[in-house]
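A structural walkthrough
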Amino acid sequence: MDGVQGATWKEFNRLYHQFTALYREIAVRMHLSDSAFLILYSLFELGEGCSQKDICTLVCLNKQTVHSSVRKLEKDGYLRFVPGAGRAVGIYLTDAGKKLMEKTILPVVAAENHAFETMSSEEQKALLRSTGDYIALLRENIEKTLFPLLKD
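Residues numbered from 1 in each chain as written. Predicted model: local features only at pLDDT ≥ 70, side-chain atom pairs only at ≥ 80, totals over all residues. Heavy atoms only, no water.

Let us look at the environment of C56. Mapped onto the elements of the fold, C56 is located in helix α3 (residues 52–59). Residues C56 and S42 lie 14 residues apart in sequence; the distance between their C-alpha atoms is 9.2 Å. The contacts of C56, once residues within four sequence positions are left out, are L61, N62, K63 and V66. (Helix = DSSP H or I, 4+ residues; strand = E, 2+ residues; numbered from the N terminus. Contact = heavy atoms within 4.5 Å.)

Helix length check: helix α4 (residues 63–75), at 13 residues, gives a terminal C-alpha distance of 18 Å against a target of 18 Å (1.5 Å per residue), a fit within 8%. Looking only at α4, the buried set comprises V66, S69, V70 and L73. Taken down its axis, α4 places every buried residue within 100 degrees of arc, on the same side. Exposed side chains of α4 directed beyond 90 degrees from the buried face belong to Q64 and K75. In this structure, the buried side of α4 is in contact with α2 (34–46), α3, β1 (79–83) and β2 (89–93). (Expected span 1.5 Å × (residues − 1). Buried < 20%, exposed > 50% of the residue type's maximum accessible area, 1.4 Å probe, protein only. Arc of directions from axis to C-beta.)

The contact between α2 and helix α5 (residues 95–118) brings their axes to 10 Å, and the two run at 75 degrees. Overall, the two elements α2 and α5 adopt an arrangement that is roughly perpendicular. Across the interface between the two elements, F37, L40, Y41, L43 and F44 from α2 touch L100, M101, T104, I105, L106, V108, V109 and E112 from α5. When grouped by side-chain class, the residues that make up the contact of α2 with α5 number 11 nonpolar, 1 polar and 1 charged. (Axes fitted to C-alpha atoms, helices over the stretch in contact; angles between N-to-C directions. Parallel < 35°, antiparallel > 145°, perpendicular 65-115°, else oblique. Nonpolar A, V, L, I, M, F, W, Y, C, P; charged D, E, K, R; others polar.)

Turning our attention to the pattern of salt bridges. For the coordinates displayed, the defined rule picks out 7 salt bridges. With its nearest N and O atoms 3.1 Å apart, the salt bridge here joins R71 to E74. With a gap of 3 residues between them, R71 and E74 both fall in helix α4, about one helical turn apart. Looking at R71, the relative accessible area reads 36%, which means it is partly exposed. With relative accessibility at 31%, the residue E74 sits in the partly exposed group. (Salt bridge = Lys/Arg side-chain N within 4 Å of Asp/Glu carboxyl O.)

Everything listed here is a matter of geometry and, on its own, says nothing about what the molecule does.
This is how it looks when you write it as structure tokens:
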């Protein structure tokens, strides 16, 4: 990929990696694994009582990673499981888990909100629209060009 378009794409890719590196750094500084951070963040977004499957869907982690991390958070005293209807099991924060969320996730959410609210309404809408458009176009291209090559 050459020229202006290649340089633009490289810049986008660089920014994407900076974005993910920032969240990795946040987790490390909070003495959390990436997956533990994402699980706690998911509990904030989804609310208590969500399932492991809900978390997998929200943060695009595989079942094994979520299961291992949730079990570790339970072992460390931050989560508890409550059986629901049928085979459903809800995930809830313990008192220690609530304190951990207040110390870790809530300040991150506040910083995210502040950064987003600092942008103008037009900038916010443009960011959401262009990011959504990019994801849709990327998915379409991947499904047309890459996935057919990966058939068994």
